[in-house]
Amino acid sequence: MSFAESFLDGFDLLNKRVEGGLKSCSEFATFYKNFAKNEREYAKGLAKLASTEKKEFQKASSSSKEVGSTFSSWEGIFSELEKKADFHNQLATKIENELSLAISNFIKEKTKTKKKLDMDSDKLRKDLKAQHENLSKSRTKYVSAVKESEAQEKLCNDPNQKPSNIPKLETKRRQLVEKAEQADKDYTQTLATTNQKQSEYYQTTMPALLREYQDFEEERVKFMKDQTNTWYVWSAEESPVTAAIFQNVGSHVDAINVDTDISAYCSEFATGVTQPPDIEYQPHEGEGVGTPRGTQRATPQKKPATSGPTRFGIGRFNRPLRGSERSQKRFSEPFRASQRSNRASFFQETQIT
């Protein structure tokens, strides 16, 4: 198991884990400092005991003073106690000056790494969010342009329009159709770009950054294992009794396994997120004939055919377009030329009459 497989879109969770991991390191450093403090206090007390008792032993009155082998033996015992005190004092110094300091330096170094991970994850998510916002704006612009085109198309086809207004309306309609077509192209391009960036996000950039989070956690666990092992080795150099105690500690240290820790964390806190499918093209569901991409519209009701010319150039040869006819002809120049011809015929007939 890995972070790249288990924590898609899990940056918030992992950022908290990184922060918590550094806090855990700080707590371990505090533990070792307190351990060293107790070792030093023990060493100081033991050294004072040995020194005081040795002096009292040496200056004892004749009635209580030991002689012979008993005196020599206790001289050696007091010396051994002093050696034991010196061992604990040296152990406290090593823990303070080496082990605790190493952990403090590690925390400082990894705090910088944490800031970088925070910034990288924020930027990665903001970039994708910005791209989705661009897509939303592009589609809004596309829908707005299509609606304007449709509205203008209805004005052009309004039988109550004055003939003098038709050329101006037609010009504006063509402009709006072109605008709608361009908006459609822009939306399509933005959609493709968004899907490409989304795929890169989930397949490349996010997994790479999640690998950095896993590297951070692996390094942290291994480092703390090494420090714990150092503490164990130093402490196990004491007496056989202390060595036996720390032998058990060493067994616990040896039981630490980086891979097992990573797998256990992934199993318990996995986000369960998988890569979403590509975003599908969403056309505008309009009714005007100016809609790009052949948008489906409700079929208008049939009007009774006329036997002769009607108002404003709508003649007997004109009928409502159906199905594919409308989608094929709505932008064709021949169709518009035919309408202009019908209008011209109508004007001629009315003048003759």
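The numbering scheme is per chain: residues are counted from 1 as the chain's sequence reads. In keeping with the predicted nature of the model, local features appear solely for residues at pLDDT of at least 70, side-chain atom pairs appear and are counted solely at 80 or more, and the whole-chain, interface and lining totals rest on all residues. For the side-chain quantities, the full set of heavy atoms in the structure was used; hydrogens and water were omitted.

Attention now goes to the overall build of the protein. Numbering of helices and strands runs from the N terminus; a helix is a DSSP stretch of H or I covering at least four residues, while a strand is a stretch of E covering at least two. The number of helices and strands found in the protein is eight helices and zero strands. Ordered by position in the sequence, the α and β elements of the protein form the string α-α-α-α-α-α-α-α. Exposed residues in this analysis have more than 50% of their type's maximum accessible area, buried residues have under 20%, and partly exposed residues fall in between, with area computed by a 1.4 Å probe over protein chains only. Counting all 353 residues of the protein, 34% fall into the buried class. Sequence-distant contacts, at least 24 apart, represent 82% of the contacts inside the protein between residues at least 6 apart. Note on contacts: a residue pair is in contact if any heavy atoms of the two residues lie within 4.5 Å.

Once that is clear, we can look at the pattern of salt bridges. Any Lys or Arg side-chain nitrogen located within 4 Å of an Asp or Glu carboxyl oxygen qualifies as a salt bridge. What the rule picks out here adds up to 17 salt bridges. A salt bridge links Glu-96 to Arg-40, with the nearest nitrogen and oxygen atoms 2.9 Å apart. Separated by 56 residues along the polypeptide, Glu-96 in helix α3 (residues 68–156) and Arg-40 in helix α2 (residues 11–58) bring together distant segments of the chain. Each of Asp-12, Asp-122 and Arg-125 takes part in salt bridges that share partners, so that together they form one network.

A separate point is the confidence of the model for the protein. Residue-level confidence of the predictor is summarised by pLDDT, bounded by 0 at the bottom and 100 at the top. Averaged over every residue, the pLDDT of the protein is 81; the share at 70 or more is 74%. Per-residue pLDDT, averaged within each element of the protein, yields its smallest value for helix α7 (residues 323–329) (54) and its largest for helix α4 (residues 166–235) (94). Confidence over residues 310–317 falls short of pLDDT 50; this stretch has 22 contacts with residues more than four positions distant or in other chains.

Another point: the environment of Val-258. Here Val-258 is to be found in helix α6 (residues 258–269). Excluding residues within four positions of it along the chain, Val-258 makes contact with Glu-218, Val-221 and Lys-222.

Considering the arrangement of structural elements, one finds Gln-214 in helix α4. Looking at Gln-214, the relative accessible area reads 5%, which means it is buried. Look past the residues within four positions of Gln-214 in its chain and what remains in contact with it is Ser-2, Phe-3 and Ile-262.

In this section: the packing of aromatic side chains. Any two rings among Phe, Tyr and Trp, with Trp reduced to its six-membered ring, count as a pair given centres within 6.5 Å; such a pair is stacked if its planes are under 30 degrees apart, edge-to-face if over 60, and tilted if neither. Under the counting rule described, the total for this entry stands at 11 aromatic pairs. Here the aromatic rings of Phe-31 and Phe-35 are separated by 6.2 Å at their centres, their planes lie at 40 degrees, and the arrangement is tilted. Remark: Phe-35 and Phe-31 occur in helix α2; sequence separation between them is four residues, near one turn of the helix. Aromatic side chains Tyr-142 and Tyr-187 sit 5.3 Å apart centroid to centroid with 15 degrees between the ring planes, which places their arrangement in the stacked category. Of this pair, Tyr-142 sits in helix α3 while Tyr-187 sits in helix α4; the two residues are 45 residues apart in sequence, bridging distant segments of the chain. Considered together, Tyr-142 and Tyr-187 belong to a single accessibility category, that of buried residues. An aromatic cluster of three or more residues is present, and its members are Phe-31, Tyr-32, Phe-35 and Trp-231.

Attention now moves to unusual backbone geometry. In this structure, Asp-9 takes a positive phi of about 60 degrees despite not being glycine. Here Asp-9 shows up in the loop between α1 (3–6) and α2.

Think of each axis as a best-fit line through the C-alpha atoms, taken over the contacting stretch in the case of a helix, with angles from 0 to 180 degrees between the N-to-C directions. In contact at an axis separation of 11 Å, α2 and α4 are set at 10 degrees when each is read in the N-to-C sense. Considering the angle they form, α2 stands roughly parallel to α4. For this classification, the nonpolar set comprises Ala, Val, Leu, Ile, Met, Phe, Trp, Tyr, Cys and Pro, the charged set comprises Asp, Glu, Lys and Arg, and every other residue, Gly included, is treated as polar. The class makeup of the residues in the contact of α2 with α4 is 17 nonpolar, six polar and three charged. Should an angle lie under 35 degrees it is considered roughly parallel, over 145 roughly antiparallel, and from 65 to 115 roughly perpendicular; all remaining angles are considered oblique.

Another aspect to go through is the layout of surface pockets. The calculated volume of the second largest pocket comes to roughly 220 Å³. Around the second largest pocket sit 14 residues that line it, and Phe-28, Arg-220, Val-221, Met-224 and Asp-261 are the ones nearest its centre. No other element matches α4, which puts six residues into the lining of the second largest pocket. The residue inventory of the lining of the second largest pocket, partitioned by class, reads seven nonpolar, two polar and five charged. Cavity: a set of points on a 1 Å grid over the protein atoms alone where a 1.4 Å probe fits but cannot get out. Pocket: an open set with protein on both sides within 12 Å along at least five of seven lines, its lining residues, like those of a cavity, having an atom within 4 Å of a point. Grid points are joined across faces, edges and corners, and a volume is the space filled by probe spheres set on the points.

As a further point, take the environment of Ala-208. Within the secondary structure, Ala-208 sits in helix α4. Judged by its relative accessible area of 43%, Ala-208 is partly exposed.

A few words now on α4. What a helix is expected to span follows from its residue count: subtract one and scale by 1.5 Å. Between its terminal C-alpha atoms α4 stretches 99 Å, which fits the 104 Å expected from 70 residues at 1.5 Å a residue. Bending of α4 peaks at approximately 50 degrees at the position of Tyr-201. Here the bend at a residue is taken as the angle between two axes, fitted respectively to the seven residues that end there and the seven that start there.

Below, the discussion takes up the nonpolar core. Soluble globular proteins tend to pack their nonpolar side chains together in the buried interior. Nonpolar core, defined: a set of buried Ala, Val, Leu, Ile, Met, Phe, Trp, Tyr and Cys residues in which side-chain atoms within 4.5 Å join the residues together. Counting residues in hydrophobic clusters, the biggest one holds 20 residues, and the most contacted among them are Phe-3, Phe-11, Met-206, Leu-210 and Tyr-213. Residue assignment for this core shows that the elements contributing at least two residues are α2, α3, α4 and α6. Per-element tally for this core: the top contributor is α4, with seven residues. Cys-25, Phe-35, Ala-36 and Ala-92 belong to the second largest nonpolar core, which has 17 residues in total.

Glancing now at the environment of Asp-261. You can see Asp-261 is positioned in helix α6. Distance in space between the C-alpha atoms of Asp-261 and Glu-217 is 9.5 Å, their sequence separation being 44 residues.

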